[in-house]
Amino acid sequence: MSTLIIECVRGDIANQPDMDAVVNAANAQLLPGAGVAGAIHRAAGPELADACRALAPIATGEAVISSGFGLPNRFVIHCLGPIYGIDEPSADLLADCYRHALKLADDHGLASIAFPAISTGVFGYPFTEAARVAIATVMSFADGVPCLERVRFVLFSEADQAEFQRVLDEVRKAD
Ligand code: AR6
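Residues numbered from 1 in each chain as written. Predicted model: local features only at pLDDT ≥ 70, side-chain atom pairs only at ≥ 80, totals over all residues. Heavy atoms only, no water.

- Taking an unreviewed UniProt entry as the reference, the protein is identified by name as O-acetyl-ADP-ribose deacetylase (Regulator of RNase III), contains Macro domain belonging to Marinobacter zhejiangensis.

## Re helix H5 (residues 158-174)
1) Next: Spanning 17 residues, H5 covers 24 Å between terminal C-alpha atoms, matching the ideal 24 Å at 1.5 Å per step.
2) Next: Residues of H5 that are buried: Gln-161, Glu-163, Phe-164, Val-167, Leu-168 and Val-171. Down the axis of H5, the smallest arc covering the buried residues is 165°, so these residues share one side. Residues of H5 that are exposed and point more than 90 degrees away from the buried face comprise Glu-158, Ala-159 and Lys-173.
3) Next: Tucked into the core, H5 has its buried residues touching strand S1 (5-10), helix H4 (127-141) and strand S6 (150-155). (Helix = DSSP H or I, 4+ residues; strand = E, 2+ residues; numbered from the N terminus. Expected span 1.5 Å × (residues − 1). Buried < 20%, exposed > 50% of the residue type's maximum accessible area, 1.4 Å probe, protein only. Arc of directions from axis to C-beta. Contact = heavy atoms within 4.5 Å.)

## Topic: the layout of surface pockets
1) Next: There is about 580 Å³ of room inside the largest pocket.
2) Next: Residue lining of the largest pocket: 29 residues in total, with Ala-25, Ala-34, Gly-35, Val-36 and Gly-121 positioned closest to the centre.
3) Next: For the lining of the largest pocket, the secondary structure elements donating two or more residues are helix H1 (35-44) and S6.
4) Next: Broken down by element, the lining of the largest pocket gets its largest block of residues, 5 residues, from H1.
5) Next: In terms of residue class, the lining of the largest pocket is built from 18 nonpolar, 8 polar and 3 charged. (1 Å grid on protein atoms, 1.4 Å probe; cavity = no way out; pocket = protein on both sides within 12 Å on 5 of 7 lines; lining within 4 Å. Points joined across faces, edges and corners; volume = space filled by probe spheres on them. Nonpolar A, V, L, I, M, F, W, Y, C, P; charged D, E, K, R; others polar.)

This is the structure:
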């Protein structure tokens, strides 16, 4: 029986000081972008982009790990989510992001990881569908990540946080 704590909060993914790692909703080149990627690179400083050069490019569904540099977190795990309507099968590719990020965190002995809602901004993934994939994937993978104690989803708006919480409660009830 897994004891993994899954929680969702409203906040900024670049300001989660109690987490060992934060996840970046990256682009293939791991360059600073808009949204999550912009916030993470701004907070981490230019050293992160330098470190990312050696790790890029990454494929859709893949995850790679770097130091957190100026962030309060030891690590950043960079995931490339699917562009909705283009990268198919989108649900499988989105689930791959979460699975690969959790595996990397566990392989590095991390106890906590914070995710944004990957692909739901610039990449256009419908929010509720993406929340279902994210939650179902983390729950189904919980037993395979013995080091991890806490997974936090960080949602940017109050409406997104409320919707994510609703889906989390729904999935828990059905479990
Ligand atoms: N903290 C938490 N969530 C945030 C933040 C933040 N600081 N900023 C935005 N969000 P996006 P994607 C939410 O576009 O869809 C980038 O430019 C946002 O409201 O960051 O995977 C990259 O370079 C949305 O719900 O990521 C890629 O090219 C979610 O985070 C591309 O966009 C994801 O939005 C990736 O697109």
